[in-house]
Each structure stands twice: as C-alpha cells, then as structure tokens.
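Residues per chain, in single letters:
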Amino acid sequence: MEKIKNEIIEHFRKYLLWETAFSYAGWEDIEVYIGNTLSAAWLKGRPEDAYKFQDIRFKKMVNSARGKWLEKQSVNDTYKVIISTERCHDLNDMVRTYVHELRHCLDYQNAVRDLRFEEYELGNKFYLDWSEYRASMADTRYEFYQLLNENKEISDNTVFYILSGMLGRRSADAVVGLMNNKENIRNIRYYISRYVGSSRAIRNLNMEFGEISEVFHLWNMMPVYIDELYNMTFYLGNEWDELEICKLNQAPSTYYYEEFLKTISTTQQG
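Predicted, not measured: the structure shown is a model, and the values here were computed from it. (Residues numbered from 1 in each chain as written. Predicted model: local features only at pLDDT ≥ 70, side-chain atom pairs only at ≥ 80, totals over all residues. Heavy atoms only, no water.)

(A) Summary view of the overall build of the chain. The number of helices and strands found in the chain is 11 helices and 3 strands. Put simply, the chain runs from its N terminus to its C terminus through helices and strands in the order α-β-α-α-β-β-α-α-α-α-α-α-α-α. Computed over the C-alpha atoms, the radius of gyration of the chain is 19 Å, within 12% of the 18 Å expected from 2.2 N^0.38 for a compact globule of 270 residues. Taken along the three principal axes of its C-alpha coordinates, the chain extends 50 × 50 × 35 Å. Within the span of the chain, comprising 270 residues, buried residues form 48% of the whole. Nonlocal contacts in the chain, meaning residues at least 24 apart in sequence, comprise 69% of its contacts between residues at least 6 apart. One finds the centroid of the 33 positive side-chain charges in the chain at a distance of 5 Å from the centroid of its 41 negative side-chain charges. (Helix = DSSP H or I, 4+ residues; strand = E, 2+ residues; numbered from the N terminus. Rg over C-alpha atoms; globule rule 2.2 N^0.38 Å. Buried < 20%, exposed > 50% of the residue type's maximum accessible area, 1.4 Å probe, protein only. Contact = heavy atoms within 4.5 Å. Lys, Arg positive; Asp, Glu negative; His and termini not counted. Charge placed at Lys NZ, Arg CZ, Asp CG, Glu CD.)

Right, dumping it as structure tokens:
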C-alpha cells in the first residue's frame, strides 16, 4: 500500500503544476492511509477506533465509500485522508478521490483556523453543502486534467468530447442519486451540491479553454429532472463561488439557499 500511496502523491504533485483554480496550501501535512477497504484504511490511521467497526451497519456504510477525511481527535493530532482500493477503479480514480477528500479537509481547516479546538464541530447545513460543492469542483477539475493528459493532440474537439463525457456521467450520477433518495433531504442536498459543483467546474473549464461550446453554459447543461423538481439550482453556485472560506456556522447572504431548502420540503410533502 505504501507504493500506491507514493504514486498518488506523485500524481498529485504533477497536477498542482497545472491547477490554478484552487490553493492546496498545507496539503503535505495531511496524512494518507490506503486500505483494501475504507474501514481497513481507517484503522491504519486511527487504530483506537476499532470498537466502532463492531457495529456491522457502520462498517458496511464506511466500506461503501471510496474515500473519507478524518478530523483531529486532539490538538496535537493530525488530519488524515483515507482511500479504499476496493472501491476505486484504478490509480487515477484514487487520485481523484484523494483530491476530493483533500479539498474537504483543507476547507475545514480554513473554517476552524480562528477557533479553539474545543469549538470545532461538524458545521451547519450551508457549510456542509458548500464543502461538497467545492470538493466536487476539485475532483471534476482533476478528472479533466487526467483525461486531457491521455490525449497526445489537443484541439477544440478534444476538449469538447472530454467535457461532454464528464457532463453526461456526472448529470446521470446526480439524477440517479436524486431518484433513489426522494425521501431523504440530506441526500438530496448532497447530490444537488455535487451536481452544482461539477457543472460549474465544467462551465469554468469551457471558459478557460476559450468558450468551446455554449452547451456548457449552466442553464443549458441542467437536466430537466433537476430543473423541474428543484428549480434552477445553479444559482446556489453563485453564492458558494464567492466564498473562498466558509465558517462552520455560516448563514446564507442571498435567498437562493433558503428557497432551495423550502423547495426540497415542498417536493417531499407533495
């Protein structure tokens, strides 16, 4: 597993030479643990948590994920990112998972920077959804970088096909997730946040490469299923985009987020 870890770090270092949208300052201080399953990786980084995995349901839930970040347990503890080789398809998938969890972890560190350790907490709904939005933007950008590097010749057509393929997969992932979680408000927020982050990253990449196609404008990309049920959720990204750092108890500065929450409640009641 040490070899895989070193390969992930090596790939990420190369990625940083390309990435300009996000700062990953402090990433070297976050420990990385790899396991066949996520619970195995977790126990490598935090063996004192063995008792938690006596709960079969908890263990199954953990092992259903590709990666996770672990918060500090004490002032002198370290933050950690854990990755499952079983749930990832290949090395690039592991690096993408690493980028996603690293973004979560670094954004959390920024959020608690001025707090005492005793004041650290999970964060409110707005913070959690913003964090998922950012992490999804980050791993979308890595996927684009990885796919771009697989092409020897880069043209407008290359960029178009990469972005359109990513858009299709991520839109389908969001719609399937929402269809399977119609009664779960927390999961609806999760899939919407992921979709908004991914679609905004695709829009931004389209602009960075010279406006390849208008199909990657936010209002043109949104699946009808999402638009009809949750109504122009891309506006959520307008406010989230302005927050480089989000406090754990951050309150929305516009009405978009509160309207989104009301829409979810109304949809469920209907």
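Past the structure itself, the notes keep going.
(B) Looking closely at the side chain of D129. As for its placement among the helices and strands, D129 is situated in helix α5 (residues 125-149). By relative accessible area, D129 is classed as buried at 4%. With residues up to four places along the chain from it excluded, the contact list for D129 reads R189, S193, W240 and Y257.

(C) A look at the sheet that holds strand β3 (residues 80-84). An order of β1-β3-β2 is seen for the 3 strands of this open sheet, with the pairing classed as mixed. The sheet is open, and its two edges are formed by β1 (31-35) and β2 (67-70), each paired on a single side. When the angles between neighbouring strand axes are averaged without regard to direction, this sheet yields 20°. Relative to β3, β1 runs parallel, the two being bridged by 5 bridges. Within the sheet, the bridge partner assigned to E31 lies in β3 and is K80. Sheet strands in contact with helix α4 (residues 91-111) are β1, β2 and β3, and its direction is about 25° off that of β2. (Pairing = 2+ DSSP bridges. Axes fitted to C-alpha atoms, helices over the stretch in contact; angles between N-to-C directions.)

(D) Expanded view of the nonpolar core. Counting 69 residues, the largest nonpolar core has Y24, Y98, I192 and I226 as the members making the most contacts within it. It is α5 that contributes the most residues to this core, 11 residues altogether. If sequence neighbours within four positions are ignored, Y24 has contacts with F12, L16, E19, V99, L102, R103, L106 and A138. Membership of the second largest hydrophobic core comes to 7 residues, among which are L38, W42, F53 and V62. (Core = buried A, V, L, I, M, F, W, Y, C linked by side-chain atoms within 4.5 Å.)

(E) Just unusual backbone geometry, in detail. Non-glycine residue E211 carries a positive phi angle of around 60°. Overall, E211 belongs to the partly exposed group, its relative accessible area being 36%.

(F) The packing of helix α2 (residues 38-45) against helix α3 (residues 56-63), seen in detail. Between α2 and α3, the least distance of the axes is 7 Å, while the angle of their chain directions is 100°. With respect to their mutual orientation, α2 and α3 come out roughly perpendicular. Packed against α2, whose contacting residues are L38, S39 and W42, the element α3 presents F58, K59, V62 and N63 at the interface. (Parallel < 35°, antiparallel > 145°, perpendicular 65-115°, else oblique.)

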